[in-house]
Amino acid sequence: MNSRSGWLPSTSPGAVAVMSTLVTEGAMSRADLSRRTGLTSAAVTKVVTPLADAGYLQEVGRSVSGSLGRPASLVEVCGEAAYFVGVKVTDVEILGVLVDLSGQIRATQSRKLASRDVDEVVESIGALTESLRESADHPDRLRYVAIGISGDVDRESGLVSYSPFLRWHGVRLAQQVQAKVGLPTLVENDVRALTAGEHWFGAGVGKPSFAVVTVGAGIGCAMSVRGQVLAGVHGVSGELGHLPIAGDRACYCGAVGCLETVAGTAAILRDVSTAVGSEVTDLAAAVAWGEQDPRAAAVFHEVGRVLGLGIASVVNLFGPQSVVLTGEGLVALDLVREPMRAAFVVQAYGQAIHSELIVRPLTFEAWARGAATMALQAFIRGAV
Ligand SMILES: [Zn+2]
């Protein structure tokens, strides 16, 4: 899947460290680059010079540094030297962002999907990518496309093994999109892509480890540890929604008692409908019921309790510094917060209770940006 043309002139560990630091932290002096990366000043120069000659870095401004007030130029990334497209796929639409080499979002576009048919989705991603490419100042500098999609996704092989919401099995999505757009393309589980974006540009900046937990149609989770998002050798990791901690209902995945069978949106709608004796078809309406009807409130209480158990399981197993809670299910947060907290406090083991919970509403643009971040990282690291 690699196409070395247009790659950075160097993807040595030093170059990766320098580029990553400049993208995530902005312009800085060579001395600060040396301190931040642990490279000697000679090594920094050896890295910066070819990257600057190739147009990826530039010297800007001059700051006063040191007690003698010697002027020092700053090194920064040339944003327009390369562009990346990140796409978030849902069952009803695709949303894409164009991001430049400095990580800035340059354009956002979306398209409704006429169907979940693979060819239709590939066609739409191709058209969206082309439209975003045309919006760039330098369309010929689009380097990489990355797609975030829910389900069991193996980035190494580009295979979507199973995506329940699209009802896909065994789709080689990366290869199909790559053939369509003519650019290196990677595909990754959408929660892991979001987590990569949060690590470089969001709530995970500077954190040695953190987890992202998403609540909504599915319950997702990904872990970032020392700058790497855990992927699982078989494409599966962080399947919090399928921990058997929520009773004894059968789950679509084939197991029993999965968290999603109580806390996923479909389960909430079904349980609130049953509780109030009236069909409730969207989460906002279910929340409205929960705010005024104790029978519906009891449903949300149970949702909060099992979510608290789930989050406690994450901190007990991995010990992240923070857990970022996001997803469209946050609309019910006021109804689930207290039982979630109470269950977490009981179930968190020892000092794991000190993991910080960050509630962070994120738009679909943030999910697409996560995918674009993976494309940007792959470009800097010189690998898919
Ligand atoms: Zn399940």
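Draft legend 1. Highlighting the coordination of the zinc ion. Within the protein, the atoms that donate to the zinc ion are His-242 (ND1), Cys-251 (SG), Cys-253 (SG) and Cys-258 (SG), at distances of 2.0 to 2.3 Å. Between the four donor atoms coordinating the zinc ion, the angles at the centre fall across 105 to 113°, so the site counts as tetrahedral. Mapped onto the sequence, the residues coordinating the zinc ion show the spacing H-x8-C-x1-C-x4-C. Linking His-242 in the loop between strand E14 (228–229) and helix H7 (260–263) with Cys-253 in the loop between E14 and H7, this pair joins segments that are eleven residues apart in sequence.

Draft legend 2. Representation of the packing of helix H10 (residues 294–318) against helix H11 (residues 333–347) in the model. Contact geometry for H10 and H11: axes closest at 7 Å, N-to-C directions at 40°. Relative to H11, the element H10 is oriented oblique. In the crossing of H10 with H11, the sense of the turn from one axis to the other is right-handed. Two secondary-structure elements touch here, H10 through Phe-300, His-301, Val-303, Gly-304, Arg-305, Leu-307, Gly-308, Leu-309, Ile-311, Ala-312, Val-315 and Asn-316 and H11 through Leu-335, Val-336, Pro-339, Met-340, Ala-343, Phe-344 and Gln-347.

Draft legend 3. The arrangement of the layout of surface pockets in detail. The calculated volume of the largest pocket comes to roughly 900 Å³. In terms of lining residues, the largest pocket is bounded by 44 residues, among which Phe-165, Ala-217, Gly-218, Ile-219 and Glu-260 are the most central. Counting only elements with at least two residues in the lining of the largest pocket, the list comes to strand E4 (83–89), helix H6 (190–201), strand E12 (209–215), strand E13 (219–225), H7, helix H8 (265–276) and helix H12 (364–381). Looking at the lining of the largest pocket element by element, the count peaks at four residues for H8.

Draft legend 4. Molecular detail of helix H5 (residues 173–181). When we look at burial in H5, the residues that qualify are Leu-173, Ala-174, Val-177 and Val-181. Axial view of H5: buried residues confined to an arc of 95°, hence all on one face. Its buried side turned inward, H5 meets helix H4 (118–135), strand E7 (142–149), strand E9 (159–163), strand E10 (168–171) and strand E11 (185–189). Count one or two residues on from H5 and you reach Gly-182, which has phi positive near 70°.

Draft legend 5. Just the pattern of salt bridges, in detail. Within the structure shown, the criterion is met by 17 salt bridges. Of the charged contacts in the structure, one is a salt bridge between Glu-59 and Arg-30, with a shortest N-O distance of 2.3 Å. Of the two residues, Glu-59 sits in strand E2 (residues 57–65) while Arg-30 sits in helix H2 (residues 30–37), which places them 29 residues apart along the sequence. Its relative accessible area of 40% is what places Glu-59 among the partly exposed residues. Taking relative accessible area as the criterion, Arg-30 reaches 27% and is therefore assigned partly exposed.

Draft legend 6. Structural context of the sheet that holds E11. Strand order in the open sheet formed by five strands is E6-E5-E4-E7-E11, with mixed pairing between adjacent strands. Each edge of the open sheet is held by one strand with a lone partner, namely strand E6 (105–112) and E11. With direction set aside, neighbouring strand axes in the sheet form an average angle of 20°. Where E4 meets strand E5 (residues 93–100), seven bridges bridge the pair, whose relative direction is antiparallel.

The rules behind the values
- Here the residue numbers are simple positions, counted from 1 along each chain's written sequence.
- Totals for whole chains, interfaces and linings use all residues, but because this is a predicted model, local features are given only for residues with pLDDT of at least 70 and pairs of side-chain atoms are given and counted only at 80 or more.
- The basis for every side-chain value is the complete set of non-hydrogen atoms in the structure, without hydrogens or water.
- Because water is not among the atoms used, a metal site may look incomplete, as its donors are only the N, O and S atoms within 2.8 Å, or 3.2 Å for Na, K and Ca.
- Irregular is the label for any site that misses the other tests, which are tetrahedral for four donors with all angles between 85 and 135 degrees, and square planar for four donors or octahedral for six when opposite donors exceed 155 degrees and the remaining angles lie between 65 and 115.
- Helix numbering and strand numbering both begin at the N terminus, where a helix is a DSSP run of H or I of at least 4 residues and a strand a DSSP run of E of at least 2.
- An axis is simply a line fitted to the C-alpha atoms; with a helix, the fit covers only the stretch in contact. Between two such axes, the angle follows the N-to-C directions and lies from 0 to 180 degrees.
- Should an angle fall under 35 degrees it is taken as roughly parallel, and over 145 as roughly antiparallel, whereas 65 to 115 is taken as roughly perpendicular and any remaining angle as oblique.
- Note on convention: the crossing is left-handed when the near helix lies turned anticlockwise from the far helix by less than a right angle, right-handed when the turn is clockwise.
- Whether two residues touch is decided by their heavy atoms; if any such pair falls within 4.5 Å, the residues are in contact.
- Note on definitions: the grid is 1 Å and covers protein atoms alone; a cavity is a set of points where a 1.4 Å probe fits but cannot get out; a pocket is an open set with protein on both sides within 12 Å along at least five of seven lines; lining residues have an atom within 4 Å of a point.
- Grid points are joined across faces, edges and corners, and a volume is the space filled by probe spheres set on the points.
- Between buried and exposed lies partly exposed: a residue is buried under 20% and exposed over 50% of the maximum accessible area for its type, with that area taken using a 1.4 Å probe on protein chains only.
- Taking the helix axis as origin, the arc is that swept by the directions to the C-beta atoms.
- When a carboxyl oxygen of Asp or Glu is within 4 Å of a side-chain nitrogen of Lys or Arg, the pair counts as a salt bridge.
- We call two strands paired when DSSP finds no fewer than two bridges between them.

Take it as geometry only, folks, not as evidence of what the structure does.
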